Structure formats: structure tokens, C-alpha cells
Amino acid sequence: MSPVATKDSKKRLAASQAGPKSKKPHLEKVTEAKAKKRSKPVTITVPEDSPESSDEDSLDDAPEEEGLDEAGDEMEVTDQAKNPNAARESHKAQKALHEQRKAAKPHSALLTDAKRAWTLARQKNLSKVERTKQINALMDIIRGKVKDIVFKHDASRIVQTVVKYGGQKERNEIAEELKGKYRELAQSKYSKFLVTKLIRFCPTYRPQIIREFQGHVLRMLLHREASGVLADTFELYANAYERSLLLRDFYGKEASLFTVTAGSDEEKERSKKGLRGLMEGLENDRRRRVMASLKDNLVTIFNNPDKGAVAHAIVHRATWEYLAAVAEVEDEAEAEKLRREIFETCQDVLAEMVHTKDGSRVVREFIAWGTAKDRKHIVKAIKPHVERMCKDDEAQLVLFTALDIIDDTKLTAKSLVSDIVAAAPSLYTSPQGRRAIFYLVSPRTRRHFTPAQIATLAETDPIRAKTSKKDDELRATEIRKAASDGLLQWVAEDGPEVARDTGGSLVVTEIMLEAEGDKSAASDALLRALAAPYPPTDPTGQPHPIALPHVARLYKTLLQGGHFSHSTRAVERAPRFSAPAFAARFVQLVGRERAVALAKGEGAFVVAALCEQLAGQEGLAERGTVQAWFDAKTREEVQGADAKGTGVLLDSLKKL
């Protein structure tokens, strides 16, 4: 067949020539919920591998060993050249030797059969019925022998497939077979994935698995493989009681003697309270011994930062429980001594703790109680990670607390505020990033912060009253001034484009209303965008700003001079923004032609706000200008356009 004919034969047939369409097979719908992932430290710039990330799908049909054993005596190139069949014969001998060694290994036949069944069961395009059939066949092969083969890297993936696609019965069978081996499995490079899956999918066996970890938690946290298993268990899957079982190792061996009713409802309720529940009713000596054990174990973790355990939520919870217990020590000098000892141990790794709820609370506690020198050290530790902290729900609370508490505003302006302002172009697109910008100009406002967030930030206020000297309002004003110039310059350069984003319009509005300084350049930039042709000459291009509801609301808010309060049914005037000046520039830059066009279209409410603002300004020249724009004939045209807000606009024009 000629090349041309071959090429033509590969062409897809037309619909009329292809015949009846074959029915698509009914494939199994993946009903498994998307796996949760634990929070990542802000110090990590690339995604790290998590034990939850399954590896059973990554194995190719490769031999069990990673490479064939080399023959003892390699043939020289010259010999191969003389005898071309020598290399072929050598490879054949090597392959035969490898097969013999492989067959001599334990469970060789079992693994061969299991791999054959696994190859079929792991395919992603199987129907539900076919998947169940293949999983059952695979389970029949490995049943009763899971414990013998699970430590092999390829066999571990086979078992993972059964756990992933099998039913609860198969999962529980495997969990039952592996009893007594979970700690060893968690420390294996390959089977750790299986342990995490069983903890996730077998909630009835989860307490039993966790109890196998008890007594070894600290050692496992410092283990390269087991550390991630514990971290995922604590943060993602364990309930309050199960987390308390993992934490108990931090309290020392004596703590296990207090739980004489282990497993009872009373013991479970006490355990849920953590360290506080454990120490209820203990005399002072025992309390000191428990706290000393907890501190020693935390010091061990913090002294091994290279092991990665410092970033785990379980360590942060234990640290917060220790600090909470220290706060209850009656002797203030003793409490300060204990707090300082633990701070000096972990002060260099605080940036690795801010991404969890408890870790964030720990760092905020250190900021609140710290001396000026301590606070400077903390700021230095978190400074390289400011942008990532701004985008994290928990980490950003540390930044906000630093802005609220540290008296040295020159330090915070130089090390924190400047970095937040510089990162504004990448922050405004996410809710977390927007909150970071809002906090610079209007901290703790109910408009942008929930009551829960405000309450969390207020937790350190009683300590701030004891340790900070500067007035709170003065500190907030200095932070606002430090941020204002950079934010206003950003709005002047990119404000119109930023405002097109729904969240960006909120940021621009807040900066314009609350920032301090000269806002004329920013105002002009926003108003020039409004002066663009309307309706747009190119209907396929970007819509006019007034056509975007959130942008129209921005201009209306600025012309009103503040946000409208639904509770008081009135506008809350922003003291740092001049609405009359903005209205005057509106008249000067937008002009009659564009203003009338907006009034007849989607900008009726904005022009109405302009009229309302000018109506209250006696003697302002722009007031007469707008009156002249909207003469009787123009008002008739506006009324005839019957756009949304026309009635409000006509009422506002009467006030001029």
C-alpha cells in the first residue's frame, strides 16, 4: 500500500459512514470524597509529598527487584566484537539467574498471582460490577497472608488497591489481619501509605491502631516515615478522644497511671479536655512532674528541627496546652520563667508553626508576653514568609497580632507592613489576602472580619494591656500611615483594573475611604476609567466599568463618602475621605457627554449619588455645572430611557 493510501486509511469516517454509534460502557463513578490534606507550613515553597498520597497506581509492570544482578565477569568489548552472540547468551543467562532467585524468595507464587489480578483490578475504566469482581478475586488471593507480604513495596500497593476500591468488609478484614503490626508498618517507606488509608477508611479500627502507637509517639514523630502518618491521623482523621490518646505520650509515663478507668465514658470526657482534664484534682507536685515531662518532650522535638515534626499540628497542640497550663501557675515569676524556657527552645522555628490553629495561637502568645527583644526576634523569623502568611487563615492572625501589640511601629512598618503592601497585587484575589490588606487600614472591622475572627484576635488583648505601653489607637494610626502611601500609589497605577475583580473592588473602596494621605492621583485614575466611551464602541471588548455592578457600587460608595449602614439606614461617613472633592473631580474628568450617557444607562444610581453629594455643597461651582448638564430636555430624555434607578436620579436632580 502506498504511503498516501496508508495516510488516508487512518482518517476518521464521517458520521454518515461510521455506522450506528456503539453504546458507552457504564463506568464506575468514583464516589470517594476528595481526600483531605493537612495544612502546609508557610516555610515550604513547593508541595511536599504527603502520606495520604497513594502510590499504588505508580507501579509499572516492572520486576520486583529494581535491577537485574550484574554478572560477575563482564566480557570485554574486543571479545564481543569477535563473538557477536556472546552478549546475547550473557543476557539470557542473567535473566535465567534472576528468575531463579526470584522464584526462591518467600511467597513468590503468591505475589505473581496477586500482581496478575492487581493489574486487572486497578484499571480506572472498569464498571462497578467488574471492579467488584476483580477486587474479590484479588482478595481471595491475599486473604490470610496480608501480614506476610505487606512489607514488600509492590505488595503494599496491591493491598492499598483493595482498601481503596474494596467494600467495608474487605477493608475491615485487612485491618484485622494487620493487628499488632501498625507501628512497624507506619515506619516502612511503602506500607505507611496503607496505614494512613486504613486510619481513614476504617473508623472502627482507628482507636486500636492509635493504641498501637501509644508509648512510641515521640519516637515516631522523629522518624522519617512514621512522622507523616501521625500528622495526618491527628490533623485529618482522629476525633477529640483519639487525638488525646496520641497526645498522652507527651505528658510522660506517670500520666498513664492517672487513667485507671481507661475506655470508660468518664475517662473519654476527661481526655477530650487534654492536659487540663488530666491534671484535674492533681496535687502540685504531680502537676509539676507532668509539666516537666511535657516540656522535656517538646524540647526534644524542637532540638531536632531537621526531622520535620516541628511543623505538625500534634506538636503545636502539645505546646499550646503547655502554655495554657503555664498561664494558670499562680506564681507569676515562675510562670514567666517556664514560658521563657520554652520560647528560647523554639524561637528559631516559630515560622514553621504559624499555619495551624494551635501553632498560630502559640506564636501569638509569645508575641503578647514577649519583651521588645523577643518580639523583634519573632518578626525577624517570620519576615521571609510574610506573603505566604497573608494567604493562610491561621498564619495571618500572627501578622495581625504583631501589628496590634508591637509598640515599635517602625520595626513593623519596615519588616511587615512594607512586605504586605508590596504583595498587594497578588493578595487581593483571595479572601485571605484581602483581609491582610484590610487590616492595615481598617483593623477588626465587622464589614470584612467575622465575629469569630475578631474574638480570636481579641484573645491576646488582656495580655497586651499588661505588656504594651503605646495607646492602641495611636499604634493603629501609625500602621495605617505606614501603609497608606504604597497602597494609594498601587491604586493610582492599577486601581481601575483591580476594581474589575469583585474582591478587588472591595479593596480599592477600603483603601480610598480609610487610607491617609493625598488621594488625588488615585481618584483621578478611577475617574478616568469611568470617562471611557459609553456604551463601548467595541461590544466584544472589555465592558465599561459602570456595567459591572461591583464597580458601580465602588463609585457610588465613594460619592456618598462612606458605606451605607442597613442597621441605621444611613451612610457612615469616612473621616479620612473627602467625598465633595471626589464629586468635583468627577464633574471635571468625566464630563457632560459621558455623565448624561451614564444617567441614561447603567450608571443612574452613580449619577444620583453625585447629585446628592453636590446638593449638600453650597457655593461649589460643580453643582451649577451639573445643573446645566441636566436641563429640562435632558431630564426628559433620561426619563424616557427608563433605566434602572431613573426615578432616584430624577429625585436627586430636583435637589440641585
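In what follows, the structure referred to is the one given above.
A short tour of the structure in this document, coming up. Given the structure is predicted, the values throughout are model-derived calculations rather than measurements.

Rules and cut-offs
Residues numbered from 1 in each chain as written. Predicted model: local features only at pLDDT ≥ 70, side-chain atom pairs only at ≥ 80, totals over all residues. Heavy atoms only, no water. Core = buried A, V, L, I, M, F, W, Y, C linked by side-chain atoms within 4.5 Å. Buried < 20%, exposed > 50% of the residue type's maximum accessible area, 1.4 Å probe, protein only. Contact = heavy atoms within 4.5 Å. Helix = DSSP H or I, 4+ residues; strand = E, 2+ residues; numbered from the N terminus. Expected span 1.5 Å × (residues − 1). Polar contact = N/O pair within 3.5 Å; in protein donor to acceptor, adjacent residues only side chain to side chain. Salt bridge = Lys/Arg side-chain N within 4 Å of Asp/Glu carboxyl O. Pairing = 2+ DSSP bridges. Phe/Tyr/Trp six-rings, centres within 6.5 Å; stacked < 30°, edge-to-face > 60°.

1. Quick look at the nonpolar core
One finds L198, F213, F250, L487 and Y555 to be the most contacted residues of the largest nonpolar core, which totals 179 residues. For Y555, the contacting residues outside a window of four places in its chain are L526, L527, A529, L530, P545, F582 and V606.

2. What about helix 31 (residues 502–514)?
In a regular helix each residue adds 1.5 Å, so 13 residues correspond to 18 Å; helix 31 covers 19 Å between its end C-alpha atoms and thus fits that length. For helix 31, a buried count of 11 out of 13 residues is recorded, marking the element as mostly surrounded by other parts of the structure. All of the buried residues in helix 31 are G503, G504, S505, V507, V508, T509, E510, I511, M512, L513 and E514. The secondary structure elements touched by the buried residues of helix 31 are helix 27 (431–441), helix 30 (472–499), helix 32 (520–530), helix 33 (549–560) and strand 1 (562–565). For helix 31, the capping residue at the N-terminal end is D501, with a side-chain oxygen 3.0 Å from the backbone nitrogen of G503.

3. Concerning the pattern of salt bridges
If charged atoms from side chains of opposite charge come close, those side chains can pair. For the coordinates displayed, the defined rule picks out 41 salt bridges. Residues E341 and K337 are paired through a salt bridge, measuring 3.7 Å at the closest nitrogen-oxygen approach. With a gap of four residues between them, E341 and K337 both fall in helix 20 (residues 332–346), about one helical turn apart. Here E341 falls in the partly exposed class, since its relative accessible area comes to 25%. In this structure K337 comes out as partly exposed when scored by relative accessible area, which is 46%.

4. Quick notes on helix 19 (residues 313–327)
Taking 1.5 Å of rise per residue, the 15 residues of helix 19 would be expected to cover 21 Å, and the 21 Å separating its terminal C-alpha atoms lies within 8% of that figure. The element helix 19 is extensively covered by neighbouring structure, given that 12 of its 15 residues are classed as buried.

5. Some remarks on the pairing of strand 2 (residues 570–573)
The pairing of strand 1 with strand 2 spans four bridges and is classified as antiparallel. Counterpart to G562 in the pairing with strand 2 is R573. Between strand 1 and strand 2, which follow one another and run antiparallel, lie four residues, and R569 among them has a positive phi close to 55°.

6. What to know about the environment of P431
Along the polypeptide, P431 turns up in helix 27. Classification of P431 as partly exposed rests on a relative accessible area of 44%. Between the alpha carbons of P431 and D392 there is a distance of 9.8 Å; along the sequence they are 39 residues apart.

7. Here's the deal with the packing of aromatic side chains
For the coordinates displayed, the defined rule picks out six aromatic pairs. Note on F400 and F449: the rings are 6.1 Å apart at their centroids and 90° apart in plane angle, and the pair reads as edge-to-face. Note that F400 is positioned in helix 24 (residues 395–405) and F449 in the loop between helix 27 and helix 28 (451–458), a separation of 49 residues in sequence. Among the residues examined, F400 registers a relative accessible area of 2% and is labelled buried. Note on F449: relative accessible area 3%, which makes it buried. Centroid distance Y439 to F449: 5.5 Å. Interplanar angle 85°. Geometry classified as edge-to-face. Within this pair, whereas Y439 is found in helix 27, its partner F449 is found in the loop between helix 27 and helix 28, the two being separated by 10 residues in sequence. In this structure, Y439 and F449 share a single accessibility class: buried.

8. Describing the side chain of E514
Tracing the chain through its elements places E514 in helix 31. Here R576 takes part through its side chain, which lies 2.6 Å from a polar atom of the side chain of E514. Once you skip the residues sitting within four places of it in the chain, E514 turns out to touch V441, S442, R480, K519, A574 and R576.

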